[in-house]
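# Structure assessment
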Amino acid sequence: MLYVFAAIVLAGAGTVGWYYVYDRWIQRDHAIRRNFPIYGRFRYIMENLGEYFRQYWFTADWEERPFNRLTRAWVYRSAKGVSNYVAFGSEVDAQQPGHIYFLHSAFPVNDEEAETYTGKWIGKDVVGNPYKPKSFFNISGMSYGALSSAAITALSEGAAMAGIWLDTGEGGLSPYHLKGGCDICFQIGTAKYGVRDADGNLDEAKLRKIAGIDQVRMFCIKLSQGAKPGRGGILPGSKVTEEIAAIRGIEAGKSSISPSRHRDITDIPSLVAFINRVRRVVDKPVGIKMAVGSYDFIDEFFDYLRDRPAEAPDFIQIDGAEGGTGAAPAPLADYVGQSIVQSLPLVAQRLREYELRSRIRLIASGKLLTPDKVAWAICMGADYVVSARGFMFSLGCIQAMKCNTGHCPTGVTSNDPRFMRGLDPTRKAVRVANYAKAVQHDVEAIAHACGCKSVRDLKAQHVRVNGGDMIM
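Residues numbered from 1 in each chain as written. Predicted model: local features only at pLDDT ≥ 70, side-chain atom pairs only at ≥ 80, totals over all residues. Heavy atoms only, no water.

This brings us to the overall build of the chain. Helices and strands together make up the secondary structure of the chain, namely 16 helices and 12 strands. Put simply, of all contacts in the chain between residues at least 6 apart along the chain, 68% involve residues at least 24 apart. Summing over all exposed atoms, the chain offers an accessible surface of approximately 22,600 Å²; the carbon and sulfur share of this is 54%. (Helix = DSSP H or I, 4+ residues; strand = E, 2+ residues; numbered from the N terminus. Contact = heavy atoms within 4.5 Å. Areas by Shrake-Rupley, 256 points an atom, 1.4 Å probe, with all protein chains shown as cover.)

Structure below.
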């Protein structure tokens, strides 16, 4: 035993000695380690570990970013089917600027008076196969490749259990999206993955084939997303497997970087022409997804559509700059695009001004994953709300911030079998459904408290925000 101990000590001393020599006289990349060998190396170790210590030990429940522990805990508990009742009062600072509060009625709605939510038609009287969703809360775009096959399978099966739709994201339609039998919204990104020819142009034959799948109920043309307005999607080469490459129609092992915009969409007339080209092929509802930038575009776009409402998109999904499931350059994620807080009320107001509100359904996304945010969005004019990161949390995401590395410890965003083995799609599907139902239930509770028999009846007059009247 003494010899073993001595061997361990000598090995440790030898390792430390080697690092000292290497840091002091050989490596030239790190000034701290060259000037302070060993001590400098510990600095880098602690710097890397710092985010984990802060997450669990040193950060208050309401301080963490991008989602604090209170928010994540609400999703976790809802997904597990555990009670979210609180005791001894709220931890939320009701005096903080931007705090949402709803104006309850003196005569709230009793359970027996409540009306079952009925969806709103999308594309009715315009396409041969319009769609009427069952739920106001659904799953936003997440591509296979960005998420693991196990995660997509769980989302598909959970969506079917909850009666909600699942957006494919721009990475094409995978067998995992279809596996659960849920309703699907197929997203056409700027690279047109899954419906592209060898040169990256729209392949109508492929598009028609996907439209022939009954589960695929809508098509969404992505112009931009909140995570990186003005830039296309990014999938590192390490995540582009043979299967993913085949689904997308690209080369395996090479980074998948989408163009910043559709090459065949250069102005408003060409955008409208592309929407109608897709709609003629699929004969199902076709909409667009965008983060709002210039107000001028919104006015010009709606003014163009006012005289030709039949050519308008069947829905518009507004993605706030808070959106963040995609890998993105930090300057774009942090400083480009408008928040959903600004953009959603603006677009809803403009739709009314240009007399398009009854024609175009409005979908909201961007950190809207708890009942208060979902109810606020509906009050501001959203017909439907979609969430991506909320459903990632329901799958077990711990906000490790490793999404773009392929080393997600929970297997949500990693196709590495070592990590993915921990995510059981069958069990996680139940949690996906539980989370969706919890949001639906609690938004209905807010509506009933405000005197509304249905979530559909929520309006701007039912919500206030500290520092403003009706807008967050």
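Back to the text.
Taken together, the side chains of Trp18, Tyr19, Tyr20, Val21, Trp25 and Ile26 define a hydrophobic patch exposed on the protein surface, amounting to about 620 Å² of accessible area. With respect to the helices and strands, Ile26 occurs in helix H1 (residues 2-26). On the basis of relative accessibility, which here comes to 44%, the residue Ile26 falls in the partly exposed class. (Patch = residues over 30% accessible without salt bridge, like charges linked within 9 Å, V, L, I, M, F, W, Y side chains within 5 Å. Salt bridge = Lys/Arg side-chain N within 4 Å of Asp/Glu carboxyl O. Buried < 20%, exposed > 50% of the residue type's maximum accessible area, 1.4 Å probe, protein only.)

On inspection of all chains with the given rule, the structure shows 13 salt bridges. Asp424 is the partner of Arg427 in a salt bridge, and the nearest nitrogen-oxygen pair spans 3.6 Å. Connected through salt bridges with shared partners, the residues Lys120, Arg357 and Asp383 form a single ionic network.

Right, let's talk about the packing of helix H10 (residues 295-306) against helix H12 (residues 340-353) for a bit. The contact between H10 and H12 brings their axes to 10 Å, and the two run at 30°. Taken as axis vectors, H10 and H12 run roughly parallel relative to one another. Note on packing geometry: the crossing formed by H10 with H12 is right-handed. Contact residues: H10 offers Tyr295, Ile298, Asp299, Phe302 and Arg306, while H12 offers Leu346, Val347, Arg350, Leu351 and Glu353. Residue composition of the contact of H10 with H12, grouped by class: six nonpolar, no polar and four charged. (Axes fitted to C-alpha atoms, helices over the stretch in contact; angles between N-to-C directions. Parallel < 35°, antiparallel > 145°, perpendicular 65-115°, else oblique. Left-handed = near helix turned anticlockwise from the far one by under 90°. Nonpolar A, V, L, I, M, F, W, Y, C, P; charged D, E, K, R; others polar.)

Burial of nonpolar side chains together is a common tendency in soluble globular proteins. If you look at the biggest cluster of nonpolar residues, it comprises 119 residues, and the most contacted ones within it are Leu155, Phe219, Phe302, Trp376 and Phe391. Broken down by element, this core gets its largest block of residues, nine residues, from helix H16 (residues 425-449). With near-sequence residues (within four places) excluded, Phe391 lies in contact with Phe137, Asn138, Ile139, Met142, Leu155, Ile164, Val432, Tyr435 and Ala436. (Core = buried A, V, L, I, M, F, W, Y, C linked by side-chain atoms within 4.5 Å.)

The next point concerns empty space enclosed by the protein. Counted by the stated rule, this structure contains three cavities of 30 Å³ or more. Reported here for the second largest cavity is a volume of approximately 40 Å³. In this structure, the second largest cavity is lined by Trp165, Asp167, Cys185, Cys220, Phe315, Gln317, Ile363 and Val386. Contributing elements (two or more residues each) for the lining of the second largest cavity: strand E3 (165-167) and strand E9 (315-319). In terms of residue class, the lining of the second largest cavity is built from six nonpolar, one polar and one charged. (1 Å grid on protein atoms, 1.4 Å probe; cavity = no way out; pocket = protein on both sides within 12 Å on 5 of 7 lines; lining within 4 Å. Points joined across faces, edges and corners; volume = space filled by probe spheres on them.)

Below, the discussion takes up a positive patch on the surface. A cluster of basic residues, Lys124, Lys132, Arg456 and Lys459, forms a positive patch at the surface. Here Lys132 shows up in the loop between strand E1 (100-102) and strand E2 (137-139). (Lys, Arg positive; Asp, Glu negative; His and termini not counted. Charge placed at Lys NZ, Arg CZ, Asp CG, Glu CD.)

Once that is clear, we can look at the pairing of E9. Every regular strand shows the same layout, with side chains that alternate between the two sheet faces. Counting buried positions along E9 yields five of five residues, so the element is predominantly enclosed. Burial along E9 is two-sided: the face carrying Phe315, Gln317 and Asp319 and the face carrying Ile316 and Ile318 are both buried. One ladder, built from three bridges, connects strand E8 (residues 286-290) with E9; its direction is parallel. Its bridge partner lying in E9, Lys289 is registered against Gln317. Crossover handedness for the path E8 to H10 to E9: right-handed. When E9 meets strand E10 (residues 361-365), the two strands line up parallel, connected through five bridges. Directly across from Phe315, in E10, lies its bridge partner Arg361. (Pairing = 2+ DSSP bridges. Right-handed = clockwise from strand over helix to strand, strands pointing away.)

In this section: helix H7 (residues 204-211). The periodicity of an α-helix, 3.6 residues per turn, causes residues three or four positions apart to be oriented the same way. Turning to H7, its buried residues number three or more, namely Leu207, Ile210 and Ala211. For H7, the angular spread of buried residues about the axis comes to 100°, placing them on one side. Away from its buried face, by an angle of more than 90 degrees, H7 presents the exposed residues Ala205 and Lys209. The inward-facing, buried residues of H7 contact strand E4 (183-188), strand E5 (216-222) and helix H9 (268-282). Two to three positions downstream of the cap, the backbone nitrogen of Ala205 sits 3.0 Å from a side-chain oxygen, assigning the N-cap of H7 to Asp203. (Arc of directions from axis to C-beta. Polar contact = N/O pair within 3.5 Å; in protein donor to acceptor, adjacent residues only side chain to side chain.)

Let us now look at helix H4 (residues 69-80). The terminal C-alpha atoms of H4, which comprises 12 residues, lie 16 Å apart, in line with the 16 Å expected from a rise of 1.5 Å per residue. Three or more residues of H4 are buried, namely Arg72, Trp74, Val75, Ser78 and Ala79. Taken down its axis, H4 places every buried residue within 155° of arc, on the same side. Downstream of H4 by a residue or two, Gly81 has a phi angle that is positive, lying close to 75°. (Expected span 1.5 Å × (residues − 1).)

Before going further, it helps to examine the packing of aromatic side chains. Within a pair of aromatic rings, the relevant descriptors are the distance that separates the centres and the angle that separates the planes. By the definition in use, this model includes 15 aromatic pairs. Three or more aromatic residues link up through ring pairs in this structure, and these residues are Trp74, Phe137, Phe391 and Tyr435. Seen from the ring of Tyr193, Arg248 lies directly overhead, with NZ or CZ sitting 4.9 Å from the centre. We note Arg308 situated over the ring of Tyr304; from NZ or CZ to the ring centre the distance is 3.9 Å. (Phe/Tyr/Trp six-rings, centres within 6.5 Å; stacked < 30°, edge-to-face > 60°. Lys NZ or Arg CZ within 6 Å of the ring centre and 35° of its normal.)

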